[in-house]
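Chains, contacts and geometry: an overview
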Amino acid sequence: DAGVIQSPRHEVTEMGQEVTLRCKPISGHNSLFWYRQTMMRGLELLIYFNNNVPIDDSGMPEDRFSAKMPNASFSTLKIQPSEPRDSAVYFCASSRERQGAEFNQPQHFGDGTRLSIL
Amino acid sequence: AQTVTQSQPEMSVQEAETVTLSCTYDTSESDYYLFWYKQPPSRQMILVIRQEAYKQQNATENRFSVNFQKAAKSFSLKISDSQLGDAAMYFCAYRSAFGGSNYKLTFGKGTLLTVNP
């Protein structure tokens, strides 16, 4: 079975440019998560989608960040304009669950995108 | 809010030996799940083992086992017969079992494990 697929694996761009990170969740999973990993703050949840609907975006740092999930098999995380402090590894994860129900599925992570903003 | 603490930033072990990684957490909930994830240099986050809080029996996955002490809010990971491929960053994580925010994983800061040949 294919796991969570993220692209690109690495991204280097200059400050002020728009950055788009992509994620394809595992087929059949209805929940999708975007995380950011930095040395200072560790792993932080940015946004959570359930059945393509954003449920919790309280972790999105500021308006420069936006995420979409137009269908069950694709999501994007966009940063516009990008800043050097956005440099981090961004993970996408997916799982199969019902919101509010007893959890029974672990989250499966993609390989992450290492983003460097110069 | 729940917190997860990994007090050992780094650990090392000799190949074939046993090592234990510590994790403590703080919660007022009675039902929850705990996880250990492994992140090798390849960066992939790999689920190693999970424990349901309502189960008294400690989870085991091959060479990996946990010591879950609910009253003490402790969840340590034991790696037996350590192999070079076990070298990685290990993250402890907490997740509520119920409630509107039970999708959230709260991670510790990680423990970097080195395996010496």
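Quick note: structure is the one above.
What comes next is a walk through the structure. This structure is a prediction, so every number in the text was calculated from the model and none was measured. (Residues numbered from 1 in each chain as written. Chains lettered and ligands numbered in written order. Predicted model: local features only at pLDDT ≥ 70, side-chain atom pairs only at ≥ 80, totals over all residues. Heavy atoms only, no water.)

Per the secondary structure count, chain A includes 0 helices and 11 strands. Order of helices (α) and strands (β) in chain A, N terminus to C terminus: β-β-β-β-β-β-β-β-β-β-β. For 118 residues, the compact-globule formula gives about 13 Å, and the C-alpha radius of gyration of chain A, at 14 Å, lands near that figure. Burial analysis of chain A (118 residues in total) assigns 50% to the buried set. The long-range share in chain A, meaning contacts at least 24 apart out of those at least 6 apart in sequence, stands at 56%. Measuring between centres, the 12 positive side-chain charges of chain A sit 3 Å from its 14 negative side-chain charges. (Helix = DSSP H or I, 4+ residues; strand = E, 2+ residues; numbered from the N terminus. Rg over C-alpha atoms; globule rule 2.2 N^0.38 Å. Buried < 20%, exposed > 50% of the residue type's maximum accessible area, 1.4 Å probe, protein only. Contact = heavy atoms within 4.5 Å. Lys, Arg positive; Asp, Glu negative; His and termini not counted. Charge placed at Lys NZ, Arg CZ, Asp CG, Glu CD.)

All names here are of chain A. What the rule picks out here adds up to 14 salt bridges over all chains. When the shortest N-O distance is used, the salt bridge between Arg 9 and Asp 111 registers 3.9 Å. Separated by 102 residues along the polypeptide, Arg 9 in the loop between strand E1 (5–7) and strand E2 (10–13) and Asp 111 in the loop between strand E10 (108–109) and strand E11 (113–117) bring together distant segments of the chain. Judged by its relative accessible area of 35%, Arg 9 is partly exposed. Glu 62 is the salt-bridge partner of Arg 85, the closest N and O atoms lying 3.1 Å from each other. Of the two residues, Arg 85 sits in the loop between strand E8 (74–79) and strand E9 (88–95) while Glu 62 sits in the loop between strand E6 (53–56) and strand E7 (65–71), which places them 23 residues apart along the sequence. Residue Arg 85 is classed as exposed on the basis of its relative accessible area, which comes to 54%. Among the ionic contacts, a cluster of salt bridges with common partners joins Glu 62, Arg 64, Glu 83, Arg 85 and Asp 86. (Salt bridge = Lys/Arg side-chain N within 4 Å of Asp/Glu carboxyl O.)

Turning next to the interface of chain B and chain A. Residue-level contacts link 24 residues of chain B with 31 residues of chain A. Each partner contributes to the roughly 2,200 Å² buried at the junction of chain B and chain A, and carbon and sulfur atoms together form 52% of this total. Among the residues chain B hides against chain A, the three largest losses belong to Arg 43, Arg 95 and Tyr 103 of chain B. Together they make up 33% of the total. Seen at the junction of chain B and chain A, the total is 1 salt bridge. Here Asp 56 of chain A makes a salt bridge to Lys 104 of chain B, at a shortest N to O gap of 3.4 Å. Between chain B and chain A we count 9 residue pairs in polar contact (both at pLDDT 80 or more) in total. (Buried area = accessible area lost by both parts, 1.4 Å probe. Polar contact = N/O pair within 3.5 Å; in protein donor to acceptor, adjacent residues only side chain to side chain.)

Attention now moves to unusual backbone geometry. Following Ser 7 of chain A, the chain continues to Pro 8 of chain A via a peptide bond in cis, the omega torsion being -10°. With respect to the element layout, Pro 8 of chain A can be found in the loop between E1 and E2. The linkage connecting Gln 80 of chain A with the following residue, Pro 81 of chain A, adopts the cis geometry, with an omega of -10°. Its place among the elements puts Pro 81 of chain A in the loop between E8 and E9. A positive phi angle is found at Ala 16 of chain B, which is not glycine, with a value near 80°.

This part is about the layout of surface pockets. Computed from the structure, the largest pocket encloses a volume of approximately 470 Å³. Taken together, the elements giving at least two residues each to the lining of the largest pocket come down to strand E4 (31–38) and E9 of chain A together with strand E10 (88–96) of chain B. A total of 3 residues in the lining of the largest pocket trace back to one element, the largest contributor, which is E10 of chain B. If you trace the second largest pocket, you find 19 residues lining it, with Gln 2, Lys 104, Leu 105, Thr 106 and Phe 107 of chain B closest to the centre. Broken down by secondary-structure element, the contributors of at least two residues to the lining of the second largest pocket are strand E5 (42–50) of chain A together with E10 and strand E11 (106–107) of chain B. Of the residues forming the lining of the second largest pocket, the biggest block, 4 residues, is contributed by E5 of chain A. The class makeup of the residues in the lining of the second largest pocket is 7 nonpolar, 6 polar and 6 charged. (1 Å grid on protein atoms, 1.4 Å probe; cavity = no way out; pocket = protein on both sides within 12 Å on 5 of 7 lines; lining within 4 Å. Points joined across faces, edges and corners; volume = space filled by probe spheres on them. Nonpolar A, V, L, I, M, F, W, Y, C, P; charged D, E, K, R; others polar.)

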